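Inside the fold
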Amino acid sequence: MGVKLKDIIEPKKIDFKDLEGRAVSIDAFNTLYQFLSTIRQRDGQPLCDENGNITSHLSGILYRNSSMVEKGIKPIYVFDGKAPELKSDTQTKRREIRDEAEKIYKEALKSGDTEKARKYAMRSSKLSPEIIESSKRLLTLMGIPYVEAKGEGEAQAAYLVEKGDAYAVASQDYDCLLFGAKRVVRNLAVNSNLGNLEYYELRHVLHELNITREELIEMGILIGTDFCDGLKGVGAKTALKLAKKDQLQEKLDELQKESSHDLNEVKDIFLNHNVNTDYKIKWNKPDKEGLVEFLCYEHGFSESRVVKASDKLKNLSSSQGSLDAWF
DNA sequence: GGTCACGT
DNA sequence: ACGTGACCC
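Residues numbered from 1 in each chain as written. Chains lettered and ligands numbered in written order. Predicted model: local features only at pLDDT ≥ 70, side-chain atom pairs only at ≥ 80, totals over all residues. Heavy atoms only, no water.

What follows is about the packing of helix 5 (residues 129-142) against helix 13 (residues 288-298). Any two packed helices are characterised by how steeply their axes cross, that is the angle between the axes, and by the distance between the axes. As a packed pair, helix 5 and helix 13 sit with axes 8 Å apart at the nearest point and diverge in direction by 140°. Residues Ser134, Arg137, Leu138, Leu141 and Met142 of helix 5 lie in contact with helix 13, whose contacting residues are Gly290, Leu291, Phe294, Leu295 and Glu298. A per-class count over the contact of helix 5 with helix 13 returns six nonpolar, two polar and two charged. (Axes fitted to C-alpha atoms, helices over the stretch in contact; angles between N-to-C directions. Helix = DSSP H or I, 4+ residues; strand = E, 2+ residues; numbered from the N terminus. Contact = heavy atoms within 4.5 Å. Nonpolar A, V, L, I, M, F, W, Y, C, P; charged D, E, K, R; others polar.)

Structural data, given as structure tokens:
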């Protein structure tokens, strides 16, 4: 979900070429949810190996990343750490929605309503420990680094950009802008060659809206975030008007009266997020034999496809393509 | 979502 | 060269 800023910020259209040779920090949970919900059979059932283990996410990770690496993009995945206490309401709500969707999905599957089954299956995706562990294992075999966040992945991904370890954050959510991500890319996927690759620069967003980052955060709080409901009736456009009229604080006070959360704490989540500063990023050559072992022998993938994907990853290592290859 | 085959 | 759809596991 995340904060709804779409109505007021204008994306710049960019091309894969603009990301060539650059590292991109990717919110892993965000991506995994996307893969789990969309990579399915027509009746909504996920891809599975013969033991019943879900493999949709492995398919997504393998093919998307091998294709991105082939085009010169260097992915870094960021996994969520511990969610802030304030997120628990949102998490409970999401779990309820998922459980309900799962019930409808199972019923529709039984009654043979394929279309309905698929629709609700997509909303029922859960990230199990097995899915997270197998994703990390696959990334390692592919030679793609990942970072464990202390808190929210989006915040950690933004930190990587701040430190210069990544050029931009790739995420579908706008939250990373509130977390201070200097550059954000949306819709980063293999098919985003033409048209739908969106690029946002925090500096430009703030300049165009003529607001500060703190005001953007306050607007986000009024609109509603994962950490606290917003003020009823306030969307992005209204929030922007409030900022222009210098009425954000007034409305925040109003929201504070009815909110069970401390809004200063919410603000602090965005401004002073606990991040992991002790990470190492290194791209390695893919472990082709390991990939075949893991994906083909353990999870029933086609060997020719896996080998092909593995070969696309070959240019992936820290030294290659950069100056230190000469030293 | 990514890929491939098959269509125009 | 692009568009559609089946299939991937």
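Moving on to helix 12 (residues 263-271). When helix 12 is considered as a whole, its buried residues turn out to be Leu263, Val266, Lys267, Ile269 and Phe270. Projected down its long axis, helix 12 carries its buried residues within an arc of 150°, all on one side. Buried-residue contacts for helix 12 involve helix 7 (175-178), helix 9 (213-223) and helix 11 (248-258). For helix 12, the side-chain oxygen to backbone nitrogen distance between the N-cap and Asn264 is 2.9 Å, and the N-cap itself is Asp262. (Buried < 20%, exposed > 50% of the residue type's maximum accessible area, 1.4 Å probe, protein only. Arc of directions from axis to C-beta. Polar contact = N/O pair within 3.5 Å; in protein donor to acceptor, adjacent residues only side chain to side chain.)

Another aspect to go through is the layout of surface pockets. By volume, the largest pocket is sized at about 1300 Å³. Together, 41 residues line the largest pocket, and Met1, Tyr33, Arg94, Arg98 and Asp226 are the ones closest to its centre. Elements represented by at least two residues in the lining of the largest pocket include exactly helix 1 (28-38), helix 3 (88-111), helix 4 (114-123) and helix 6 (153-162). A breakdown of the residues in the lining of the largest pocket according to their chemical character gives ten nonpolar, 16 polar and 15 charged. Two domains each put at least three residues into the lining of the largest pocket: domain 1 (1-209) and domain 2 (211-271). Lining of the second largest pocket is provided by 20 residues; of these, Pro46, Ile54, Lys126, Ser128 and Ile131 occupy positions nearest its centre. Those elements giving two or more residues to the lining of the second largest pocket turn out to be helix 3 and helix 5. No other element matches the four residues that helix 3 contributes to the lining of the second largest pocket. (1 Å grid on protein atoms, 1.4 Å probe; cavity = no way out; pocket = protein on both sides within 12 Å on 5 of 7 lines; lining within 4 Å. Points joined across faces, edges and corners; volume = space filled by probe spheres on them. Domains from an automatic or database assignment.)

Applying the stated criterion across every chain, the model contains two cavities of 30 Å³ or more. Estimated volume of the largest cavity: approximately 120 Å³. What lines the largest cavity is a set of 15 residues, and nearest its centre among them are Ile26, Thr31, Arg64, Ala170 and Leu188. Broken down by element, the residue count for the lining of the largest cavity peaks at three residues, all from helix 1. When grouped by side-chain class, the residues that make up the lining of the largest cavity number six nonpolar, six polar and three charged. Of all the secondary-structure elements, those providing two or more residues to the lining of the second largest cavity are helix 1, strand 3 (74-79) and helix 5.

Feature annotation in UniProt places "binding site: Mg(2+) 1" (unreviewed entry) on Asp27, Asp80, Glu152 and Glu154, given in this structure's numbering. Of the residues just listed, which span 128 residues, no C-alpha pair is farther apart than 9.2 Å, and they cluster in one region. Restricting the annotated residues to those that line the largest cavity leaves Asp27. With respect to the helices, strands and loops of the structure, Asp27 is situated in strand 2 (residues 23-27). Ignoring sequence-local partners within four residues, the contact set of Asp27 consists of Val78, Asp80, Gly153, Glu154 and Ala170. (UniProt positions renumbered as here; feature names shortened; annotations may be inferred.)

Moving on: the pattern of salt bridges. Counting across every chain of the model gives 16 salt bridges. Among the ionic pairs, Asp229 bridges to Lys93, the shortest N-O distance being 3.8 Å. Taken together, the positions of Asp229 in the loop between helix 9 and helix 10 (236-244) and Lys93 in helix 3 put the pair 136 residues apart, joining distant regions of the chain. Note that Glu100 and Lys103 form a salt bridge whose closest N and O atoms lie 3.9 Å from each other. (Salt bridge = Lys/Arg side-chain N within 4 Å of Asp/Glu carboxyl O.)

For the rest of this paragraph, the subject is the nonpolar core. In terms of nonpolar packing, the biggest core is built from 98 residues, with Leu5, Ile9, Leu138, Leu188 and Leu295 touching the most fellow members. Of the residues that make up this core, three or more belong to each of domain 1 (1-209) and domain 2 (211-271). Residue contacts for Leu295: discarding those within four places in its chain leaves Leu58, Leu62, Leu138, Gly300, Phe301 and Val306. By size, the runner-up hydrophobic cluster in this structure holds seven residues, among which are Ala108, Ala117, Tyr120 and Ala121. (Core = buried A, V, L, I, M, F, W, Y, C linked by side-chain atoms within 4.5 Å.)

Taken together, the neighbourhood of DNA strand B is formed by Thr38, Ile39, Arg40, Ser59, Tyr63, Arg64, Ala189, Val190, Asn191, Lys308 and Lys312. One of the backbone nitrogen or oxygen atoms of Thr38 is found 3.4 Å away from a base nitrogen of DNA strand B. Contacts to DNA strand B include Lys312, whose side-chain N or O atom sits 3.4 Å from a phosphate oxygen. Residue contributions to the surface near DNA strand B peak at three residues, all from helix 2 (residues 56-70). (Near = heavy atom within 4 Å.)

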